[in-house]
Amino acid sequence: MGTALVYHEDMTATRLLWDDPECEIERPERLTAALDRLRQRGLEQRCLRLSAREASKEELGLVHSPEYVSLVRKTQVLGEEELQALSGQFDAIYFHPSTFHCARLAAGAGLQLVDAVLTGAVQNGLALVRPPGHHSQRAAANGFCVFNNVAIAAAHAKQKHGLHRILIVDWDVHHGQGIQYLFEDDPSVLYFSWHRYEHGRFWPFLRESDADAVGRGQGLGFTVNLPWNQVGMGNADYVAAFLHLLLPLAFEFDPELVLVSAGFDSAIGDPEGQMQATPECFAHLTHLLQVLAGGRVCAMLEGGYHLESLAESVCMTVQALLGDPAPPLSGLMVPCQSALESIQSARAAQAPYWKSLQLQDVTPVPTSPSTHSPEGRPPPLLPGGPMCKAAAPAPAPSSLLDQLCLCPAPSVRTTVALTAPDITLVLPPDVIQQEGSALREETEAWARPHESLAREEALTALGKLLYLLDGMLDGQVNSGIAATPASAAAATLDVAIQRGLSHGAQRLLCVALGQLDRPPDLAHDGRTLWLNIGGKEAAALSMFHVATPLPVMTGGFLSCILGLVLPLAYGFQPDLVLVALGPGHGLQGPHAALLAAMLRGLAGGRVLALLEEDSTPQLAGILARVLRGEAPPSLGPSSVASPEDVQALMYLRGQLEPQWKMLQVGAFTPQK
Ligand code: Q9C
Ligand code: ZN
């Protein structure tokens, strides 16, 4: 469906004309650096290029007062001294004679993007704009922001497109207080912001940036603030915030559109944010948001002042929008104590308004005092493996930045190979129908130990699966679907695991749905994480062997994915994922698609789905589409988790939290 890139060169015109150390970081090179890098990477060329238009007076009037708009209009004719005097009336603002034009283009770019997405011309997109918008208020410029681009886009989506539920995700490192003020009593806009806060000691120093600011009146619970009280937050902290706070609420909200206040001052190297998240993290954040609203995601640039980090992070965001698999995250995936405390206090503040947060925190789960105990680390890797970087401790910021200059992420082909000829009808046009099969002798050798693989159909299916798996391990194919007779599912999966491990996978995540037992001969060396969804009862036989019943309700399914499967998967950092829909898996297409889509965030998108031969063509088709990068259909309003679902999840968390730190949601905040 395509990705729009909205831009206009004129937006490089506005700049600081006098000396002001606070404002000088917001400069024209921010846009050119981002755009140049997108071109270098061939990403710009893959997007639908749209030239930004100016927002009209009426459109600006959706969120700003007429007096404020005419005040900004008048700056066009002011001299430098008058500009400086007027700028001084606001906090962290400069005006330039071109500012009004640029700010109208910035707001207009957002409108064009939303129109392109909501008319179906594209699936998603990014608007590269200056000046940024999220600090701007009804009658005030603030924090480099003149018109509130994202807020105007949201108001427009409501007014012109009749939307009722819009999610705004503000991942800029500053609190978008402008957006918060504009929608704080509006339940049709769910506003989420994380921001550097340091207990109120960081700009803009507002009490209302704290977690207990949750909206007002009808809008109670529709403002979600996640204040970071320390600098240095990294990939694990950001992903944990999404899994344990934003996404549960977002699924429950069921947005029709996702707007992103995409500031990259939350990335490593930025002088404002002082955070540690690497550019790849933004591919993951974008990827995680694409499971919402049928994939209708509109990102608009806000902050981001380290040109290298900004350019790289913008590329990662666009790559994810284009449907490319996200590069694996670097660094140890262990959220820090301060992040866990922040996430937990935001969850506590929101719990009265969201069913998905209720019940879960009722039973306190004892956690070990230290979050840095060694058991949480992924097992050591063989030297020289492709994933060495991921398992090594996080390098210092400067060396990480050096690395990203030297080795840009390789582009990975998103190809899906299918082995079952009868389910080709519903395949998307660019999905490859695999003809090849592993050599007969080799296939027979792998099949020999398994009685259920003796039959001809099972052997044929196994040959195709092995061929597909080799293609994935060699990097020829990114992801695939293989089918097998139901009676051979367990043995085929067993062979796939052994073959994956012996042919280059360092860590293999296996998510087995339905009645599939852990293969008896699986080594206990920590290289395989076995997760069975569909077991009789919740059980953690070891940290690498987990079983949980298939949740009965959609709400339970979502909390299983967000609260168990993905935290384990992100903590494990696999380089190959097998997802098997085995006998009696009971998953509906949209649920299976969601699971596959989210697992695609792991292992650089190397996901092999194993189906039963008599699966419906619809199921194979929907999986093929998400594995090549399409958004899964939205699940609609979700029912609550059943008490049994909640109990199973709580039990497993209690068992596994000491080893898998990504499961933690900061169960206890120390008393002050
Ligand atoms: N060192 C945006 O990122 N200065 N605006 C803070 C603290 C103002 C940031 C000073 C920063 C404004 C869009
Ligand atoms: Zn910012």
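Residues numbered from 1 in each chain as written. Chains lettered and ligands numbered in written order. Predicted model: local features only at pLDDT ≥ 70, side-chain atom pairs only at ≥ 80, totals over all residues. Heavy atoms only, no water.

Asks: Can you help me understand unusual backbone geometry in this one?
Replies: Glycine aside, a negative phi is what most residues show, and trans is what most peptide bonds show. Omega for the bond connecting Arg-130 with Pro-131 falls within 30 degrees of zero, at -10°, which places this linkage in the cis form. By the secondary structure assignment, Pro-131 is in the loop between strand S3 (124–127) and helix H6 (149–161). The phi dihedral of Glu-198 falls on the positive side, at around 50°, and the residue is not glycine. Not every positive phi belongs to a glycine, and Gln-573 is a case in point at roughly 55°. The exposure class of Gln-573 is buried, given its relative accessible area of 6%. (Helix = DSSP H or I, 4+ residues; strand = E, 2+ residues; numbered from the N terminus. Buried < 20%, exposed > 50% of the residue type's maximum accessible area, 1.4 Å probe, protein only.)

Asks: How should I be thinking about the packing of helix H15 (residues 456–473) against helix H16 (residues 489–502) in this particular structure?
Replies: When two helices pack together, you describe them by how their axes are tilted relative to each other and by the distance separating the axes. The interhelical angle for the contact between H15 and H16, taken along N-to-C directions, is 30°, at an axis separation of 10 Å. Judged on the interaxial angle alone, H16 and H15 are roughly parallel. Of the two elements, H15 crosses H16, and the hand of that crossing is right-handed. Every residue of H16 that contacts H15 at Leu-462, Leu-465, Leu-466, Leu-469, Asp-470 and Leu-473 is listed here: Thr-492, Val-495, Ala-496, Arg-499 and Gly-500. Taken together, the residues of the contact of H15 with H16 sort by class into seven nonpolar, two polar and two charged. (Axes fitted to C-alpha atoms, helices over the stretch in contact; angles between N-to-C directions. Parallel < 35°, antiparallel > 145°, perpendicular 65-115°, else oblique. Left-handed = near helix turned anticlockwise from the far one by under 90°. Contact = heavy atoms within 4.5 Å. Nonpolar A, V, L, I, M, F, W, Y, C, P; charged D, E, K, R; others polar.)

Asks: Just to check I follow, could you spell out the coordination of the zinc ion (ligand 2) for this structure?
Replies: A metal bound by six donors in octahedral fashion has ideal angles of 90 or 180 degrees, whereas one bound by four tetrahedral donors has an ideal angle of 109.5 degrees. Around the zinc ion (ligand 2), the donor atoms from the protein are Asp-172 (OD), Asp-172 (OD), His-174 (ND1) and Asp-265 (OD), and they sit 2.0 to 2.6 Å away. All donor residues of the zinc ion (ligand 2) come from one chain, and their arrangement in sequence is D-x1-H-x90-D. An identical accessibility class is assigned to Asp-172 and His-174; each is buried. (Donors = N, O, S within 2.8 Å, 3.2 Å for Na, K, Ca; no water.)

Asks: How should the packing of aromatic side chains be read in this particular structure?
Replies: Between two aromatic rings, the relevant description is the distance of the centres plus the angle of the planes. Tallied over the entire structure, the rule returns 18 aromatic pairs. Taken together through their ring pairs, the aromatic side chains of Phe-192, Trp-194, Trp-228, Tyr-238 and Phe-242 make up a single cluster. (Phe/Tyr/Trp six-rings, centres within 6.5 Å; stacked < 30°, edge-to-face > 60°.)

Asks: Can you walk me through the sheet that holds strand S5 (residues 189–196) in this structure?
Replies: Each strand in a sheet pairs with another by means of backbone hydrogen bonds, the pair being arranged parallel or else antiparallel. With parallel pairing, the eight strands of this open sheet are ordered in space as S2-S1-S3-S8-S7-S4-S5-S6. The sheet is open, and its two edges are formed by strand S2 (48–51) and strand S6 (223–228), each paired on a single side. Looking at each pair of strands side by side, their axes are set apart by 15° on average, direction ignored. Relative to strand S7 (residues 257–262), strand S4 (residues 166–170) runs parallel, the two being bridged by five bridges. Paired with Val-169 across the strands is Val-260, a residue of S7. (Pairing = 2+ DSSP bridges.)

Asks: Help me understand the site of ligand 1 in this model?
Replies: Taken together, 15 residues surround ligand 1, and among them Glu-22, Gly-143, His-174, Asp-265 and Tyr-305 come closest. Gly-143 has a polar backbone atom sitting 3.0 Å from a nitrogen atom of ligand 1. In this structure, Asp-265 approaches ligand 1 through a side-chain N or O atom, which is 3.0 Å from an oxygen atom. In isolation ligand 1 exposes 410 Å². Once the protein is present, 86% of that is buried. (Near = heavy atom within 4 Å. Polar contact = N/O pair within 3.5 Å; in protein donor to acceptor, adjacent residues only side chain to side chain. Areas by Shrake-Rupley, 256 points an atom, 1.4 Å probe, with all protein chains shown as cover.)

Asks: I'm lost on the packing of helix H18 (residues 589–599) against helix H19 (residues 617–627) in this one. Help?
Replies: With their axes 9 Å apart at the nearest point, H18 and H19 run at an angle of 25° to one another. The pairing of H18 with H19 is recorded here as roughly parallel in orientation. In terms of crossing hand, the pair formed by H18 and H19 is right-handed. On the side of H18, the interface is formed by Gly-589, Pro-590, Ala-592, Ala-593, Ala-596 and Ala-597, while H19 contributes Leu-619, Ile-622, Leu-623, Val-626 and Leu-627. Among the residues making up the contact of H18 with H19, the classes are represented as 10 nonpolar, one polar and no charged.

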